[in-house]
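Each chain is listed here by its residues.
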Amino acid sequence: MKIQLSDHFDYKRLLRFVAPSILMLLCTSIYSIVDGFFVSNFVGKTPFAALNLVMPVLMGVGTIGFMAGTGGSAVVSMTLGEGKKELANEYFSLIVYVTLAASVVLGLIGYAFAPQIALALGANGDLEADCVLYSRILFLSTPAFVMQYLFQSFFIAAEKPTLSLKINVLAGLTNAVLDYVLIVVFPLGLAGAALATAAGQVVGGAIPIIYFAGKNSSLLRLGKMKWHGKVIWQTCMNGSSELVTNLSTSIVGMLYNFQLMEAAGENGVAAYGIIMYVDIIFMTLYLGYSLGSAPIVSFHYGAGNHAELKNLCRKSLVIISACGVILLTASQILAGPLVKIFANYDQELLKMTTWGFRIYAIAFLVRGMNVWGSSFFTALNNGAVSAAISFLRTFVFQIIIVLILPGLIGITGVWLSIVIAEFLALFVTIGFLIAKRKKYHYA
């Protein structure tokens, strides 16, 4: 049975609609996870540290896709909810073309300045060479990477989340198979890992363009571009929270690496990288739910259906709260086995990472509420509130704490920083939700 944005959503229908988005993000996240597994086990610790050192920069560049996708789909979904399908497609086409052009420019800049970026991250010698090698290959595939993230949101707005899942599964499999071929069968080392990732990104970014450019059964289609400056501005404002979140995560990731390099050398950077890989597995549940439910909220907001907005908000609060308890429990039980996937070859690294992840994972209890809260306000076209939640959560709180706490209690303070930051951000999220409830009775 086809689920439409205009439907009334009970728990079953809501979970069915967002499930493809969760699985889609998990497949997309396979890129870095698979690269990390093969590089750490078959290439060496220094290339693995280089991958982790430069990854926040590469993800930071890709944030333009998140911003344009989440912010743009909110505008397009609201326009569809208002019954203006032709105008929605004009907005959709404009957003895609402008984002593609911007991603080409960013990729070329990144490629040109890769050596300077590696030096700024604190790399030298072999570590610097590996950072430049890996990043330059992926800077060239930046447009495909950005398009892949952009279309994840628009497939949902077009009522085709399952098709997006299939494309991202194909992209993930392409990456995984080529990682094995180019690292294990043909020992191309770190370059092989980068080429495999780039190939997966091309699959995930090119197929959606082909689909939307031709005749299709979705609500959206790429056509001639008409300039709407206000739409680009609104897209950027709506998606500013996602931009802030991902840029902040990248900047904070670099800061964590600096602190860990100081405290534990390459082992510290490798440990943080491993924790981030395991973190991706758990976080896809929160991110996927938020991404999948946002176009529904935008549609009903555009249609003026406040009763359904109240229904969606209440059900989301219940689902996210339950997930927090489940993920916290699972993370404590599975910490050892998950970390062993990446660090079984080094007992010192394994012990450090397992202990660090168990502390870090306490944040899962409340993290989902902050992620969903920011996404909810984006869907309501309230980019300012969404950005405020994201900025405080992923940037201000974390930076202040990670600069202070490690000096007081050592490396444990690095792992504990994220926990304290998420609990502080929870108070901010709750405050904004209460204010919205008083105004519109959404919760």
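Everything numeric in this text was worked out from a predicted model, so none of it was measured.

Novice: What exactly am I supposed to notice about the environment of Gly 36 here?
Specialist: Turning to its location among the elements, Gly 36 is positioned in helix α1 (residues 11-42). As a C-alpha pair, Gly 36 and Phe 342 span 306 residues in sequence and 7.2 Å in three-dimensional space. Look past the residues within four positions of Gly 36 in its chain and what remains in contact with it is Phe 48, Tyr 277 and Phe 342.

Novice: Got a minute to help me understand the domain arrangement of the chain in this structure?
Specialist: When the parts of a complex come together, some accessible area is lost, and that lost area is often used as the size of the interface. Taken domain by domain, the chain consists of domain 1 (14-227) and domain 2 (246-437). Listed per partner, the contact involves 45 residues of domain 1 and 42 residues of domain 2. Interface area for domain 1 against domain 2, summed over the two sides, is near 3600 Å², with a carbon-plus-sulfur share of 74%. Scanning the region where domain 1 abuts domain 2 turns up 0 salt bridges. Seen at the junction of domain 1 and domain 2, the total is 0 residue pairs in polar contact (both at pLDDT 80 or more). The set of elements that each furnish at least two residues to the side of domain 1 that touches domain 2 consists of α1, α2 (45-81) and α6 (142-157). If you tally residues by element for the side of domain 1 that touches domain 2, the top one is α2, at 20 residues.

Novice: Looking at this structure, I do not really get the environment of Lys 315. What am I missing?
Specialist: Along the chain, Lys 315 turns up in helix α11 (residues 306-343). On the accessibility criterion, Lys 315 (15% relative accessible area) is buried. Distance from Lys 315 to Phe 9, taken between C-alpha atoms, is 9.1 Å for residues 306 residues apart in sequence. If we ignore the near neighbours within four places in the chain, the residues touching Lys 315 are Phe 9, Asp 10, Tyr 11, Leu 14 and Tyr 289.

Novice: Is there a simple way to think about the packing of α6 against helix α8 (residues 189-213) in this case?
Specialist: Think of two packed helices as two axes; the pair is described by the angle between the axes and how far apart they sit. Between α6 and α8, whose axes approach to 8 Å, the crossing angle comes to 50°. Classified by the angle their axes make, α6 and α8 are oblique. Judged by the sense of rotation from one axis to the other, the crossing of α6 with α8 is left-handed. Where α6 abuts α8, its residues Ala 144, Phe 145, Met 147, Gln 148, Phe 151, Phe 154 and Phe 155 lie against Gly 200, Gln 201, Val 202, Gly 204, Gly 205, Pro 208, Ile 209, Tyr 211 and Phe 212. Per-class residue counts for the contact of α6 with α8 are 11 nonpolar, 5 polar and no charged.

Rules used in this analysis
- Residues numbered from 1 in each chain as written.
- Predicted model: local features only at pLDDT ≥ 70, side-chain atom pairs only at ≥ 80, totals over all residues.
- Heavy atoms only, no water.
- Helix = DSSP H or I, 4+ residues; strand = E, 2+ residues; numbered from the N terminus.
- Contact = heavy atoms within 4.5 Å.
- Domains from an automatic or database assignment.
- Buried area = accessible area lost by both parts, 1.4 Å probe.
- Salt bridge = Lys/Arg side-chain N within 4 Å of Asp/Glu carboxyl O.
- Polar contact = N/O pair within 3.5 Å; in protein donor to acceptor, adjacent residues only side chain to side chain.
- Buried < 20%, exposed > 50% of the residue type's maximum accessible area, 1.4 Å probe, protein only.
- Axes fitted to C-alpha atoms, helices over the stretch in contact; angles between N-to-C directions.
- Parallel < 35°, antiparallel > 145°, perpendicular 65-115°, else oblique.
- Left-handed = near helix turned anticlockwise from the far one by under 90°.
- Nonpolar A, V, L, I, M, F, W, Y, C, P; charged D, E, K, R; others polar.

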